[in-house]
Amino acid sequence: MRSESFDYLVIGSGLAGLTFALHAANHGRVAVLTKATVTDSNTSWAQGGIAAAVGESDSWELHERDTLVAGAGLCDPAAVRFLVQQAPEAIAWLRNLGARFDLELGREGGHSRHRIVRHADKTGWEIERAVAAAVRSNPAITVYENAFVTELLLSDGRCSGVAAVLGDMGMRSFSARAVMLATGGCGKVYAKTTNPRVATADGIGLADKVGAEITDMEFMQFHPTVLEHPQMPGFLVTEAVRGAGGTLRNHRGDRFMYDYDERLELAPRDIVARAIESEIQRRDTWCVYLDATHLPAEDLREEFPTIWERLRELGIRMERNWIPVVPAQHYSCGGVVTDLNGSTSVPGLYAAGEVSRTGVHGANRLASNSLLEALVFAKSAAAHAESTRELTNEAPQARSFHAIQENEAIRIRHRLQAVMTKHVGVFRTNAGLASAKEEVDHLIADYAGQPSAPFSAYAIECGNLLTAAKHVVEGAIRRKVNVGLHFNADQERATPEWETPLPSVES
Ligand SMILES: Cc1cc2nc3c(=O)[nH]c(=O)nc-3n(C[C@H](O)[C@H](O)[C@H](O)COP(=O)(O)OP(=O)(O)OC[C@H]3O[C@@H](n4cnc5c(N)ncnc54)[C@H](O)[C@@H]3O)c2cc1C
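Cut-off values and rules
- Residues numbered from 1 in each chain as written.
- Predicted model: local features only at pLDDT ≥ 70, side-chain atom pairs only at ≥ 80, totals over all residues.
- Buried ≥ 20, exposed ≤ 12 C-beta atoms within 10 Å, placed from the backbone.
- Helix = DSSP H or I, 4+ residues; strand = E, 2+ residues; numbered from the N terminus.
- Pairing = 2+ DSSP bridges.
- Contact = placed C-beta atoms within 7 Å.
- Axes fitted to C-alpha atoms, helices over the stretch in contact; angles between N-to-C directions.
- Near = placed C-beta within 6 Å.
- Nonpolar A, V, L, I, M, F, W, Y, C, P; charged D, E, K, R; others polar.

**Looking at the pairing of strand β8 (residues 158-166)**
Here is step 1 of the chain: Of all 9 residues in β8, 7 are buried, a share of seventy percent or more.
Here is step 2 of the chain: The pairing of strand β7 (residues 147-155) with β8 spans 8 bridges and is antiparallel. When the sheet's bridge partners are listed, V149 is paired in β8 with A164.
Here is step 3 of the chain: The turn joining β7 and β8, which pair antiparallel and follow one another in sequence, is formed by 2 residues; a positive phi near 50° is taken by D156.
Here is step 4 of the chain: The turn joining β8 and strand β9 (residues 170-175), which pair antiparallel and follow one another in sequence, is formed by 3 residues; a positive phi near 40° is taken by G167.

Structure, rendered in structure tokens:
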């Protein structure tokens, strides 16, 4: 098998991977391996923006408090402080790379101030454009597209390389002194998700195989307002529409959030998602509606150009029609455990972005903190990786992967998504979780028992989705009180001091 040697390897070309690559490139040669094109990532799809205390009446202390409140007592306070203190500098770094942001700051649920740095409703696209351009023009960085990483390679207990299948060129191994895992989310564990097709939990599968610590996967965030339309499944209608004054109505036209939380439509996401799910079940309907018809049409078109256009393609006019919405999987708060340097429990292996669990989100992520987390921790990981001693770049041996026939993988994946959506969604029960565990274990055995087939990305992804699902289900079973995003109808709600109400939102 051909092998290549670099100083740093990066798996994934979202904001976390490319940020790491740009910082690490100051100290050595970097390879970025990404399984589709560079811009195929959750990052490109982000609409709302990046949270940073850069407004006049804001401070990192307020950002810190809002993050801790959303995280429901389970955040790592040191990680949160590190995150919010670095935020203004991270924004300045992006601007320096050429990212363009609006003059006005946005406001989202759970934030006590206007602090969302954005580019209309395509912030992720703008950021990805800027960082990808910087990466392409950096001679120290080599990008491999269509490079599917199948394995992390260890030598002497240290991660020192990866194996990847490179398009038609077949399997290749890469070695380096540090490997950054930046593979993003795991939305495809569920039938309904806002995540793009690449979000198949590969990082969780890769890390699990080398014994890296993984935790908090039960804290799965469901975005409350995802378009319910067969022609555009998973299309997100950003929280910023509610921030701008959009209201939620049930099929009778009632503003039902009055029945659920005093913060109404700007309550944290888990509360809004559960309220919507309750309303759908209680009224036996298939969705609720986001009403922006009272907002000036010109403002809507200017602030939400993507949403405005996409809805129009479906015959929905934001300024005239209510938008049908449901909750759908959106973000994984848990993942591969890291410290403030992005180091995982496996020496030489770093993780950043959505695949990681840095401790900043606790039991629930505050809106627009994830792009920030990717920026901040990828940078600290690059600094730490640089400070580690030089190691001989010895190409470790790759094992062969277990791919199965694609049609079997499709069957298993769809069954998994159905089980997870039914039993491990916004509402959970003891019986549902027990049944999910049985089914997931059965599907894992089913996958393992299938005869080996030639490489298929779809099949390998299926194996990774199964691993992630196992972590989600087992985490949910272990979690004995309802906190943040985890809600089991058969359990008591945690009532610790974090339930203090949010400070009033500035007008
Ligand atoms: C619709 C939507 C809207 C959002 N809006 C916001 C927002 O407004 N603000 C906010 O802060 N967050 C938002 N988020 C969340 C945020 O976008 C993500 O958490 C963040 O972009 C994750 O960045 P990342 O670099 O970790 O992963 P990603 O951007 O997902 O990148 C992961 C990369 O890894 C690659 N990869 C995966 N597996 C492999 C493999 N086996 N081999 C090689 N490459 C692989 C993928 O192809 C991809 O390039 C949103 C998410 C979505 C889906």
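That was the structure; now back to the text.
**Focus on unusual backbone geometry**
Here is step 1 of the chain: For A72, which is not glycine, the phi dihedral falls at a positive 60°.
Here is step 2 of the chain: Assignment of secondary structure puts A72 in the loop between α3 (60-70) and α4 (77-97).
Here is step 3 of the chain: Judged by C-beta crowding, with 23 C-beta atoms within 10 Å, A72 ranks as buried.
Here is step 4 of the chain: Not every positive phi belongs to a glycine, and L264 is a case in point at roughly 50°.
Here is step 5 of the chain: Secondary-structure assignment places L264 in the loop between β13 (247-249) and α8 (269-283).
Here is step 6 of the chain: Residue classification places L264 among the partly exposed positions, given that 17 C-beta atoms sit within 10 Å.

**Some words on α3**
Here is step 1 of the chain: Those residues of α3 lying buried are H63, D66, T67, L68, V69 and A70.
Here is step 2 of the chain: Among the structural elements, β4 (50-51) and α4 are those in contact with the buried residues of α3.

**Points about the sheet that holds β13**
Strands belonging to one sheet form pairs held by backbone hydrogen bonds; the direction of such a pair is parallel or antiparallel.
Here is step 1 of the chain: Spatial ordering of the open sheet is given by β12-β15-β14-β13, a layout of 4 strands whose pairing is antiparallel. On the outer flanks of this sheet lie β12 (220-227) and β13, each paired with one strand and no other. With direction set aside, neighbouring strand axes in the sheet form an average angle of 45°.
Here is step 2 of the chain: By the bridge criterion, 3 bridges tie β13 to strand β14 (residues 288-291) in an arrangement that is antiparallel. When the bridges of β14 are listed, T247 appears paired with D291.

**Remarks on the site of the ligand**
Here is step 1 of the chain: Close to the ligand lie 45 residues; G12, G14, G48, G184 and G353 are nearest.
Here is step 2 of the chain: Broken down by secondary-structure element, the contributors of at least two residues to the shell around the ligand are α1 (15-24), α2 (42-45), α5 (123-136), β7 and α11 (370-387).
Here is step 3 of the chain: The residue makeup of the shell around the ligand, split by class, is 19 nonpolar, 22 polar and 4 charged.

Remember that the coordinates give geometry; whether it matters functionally is a separate question.
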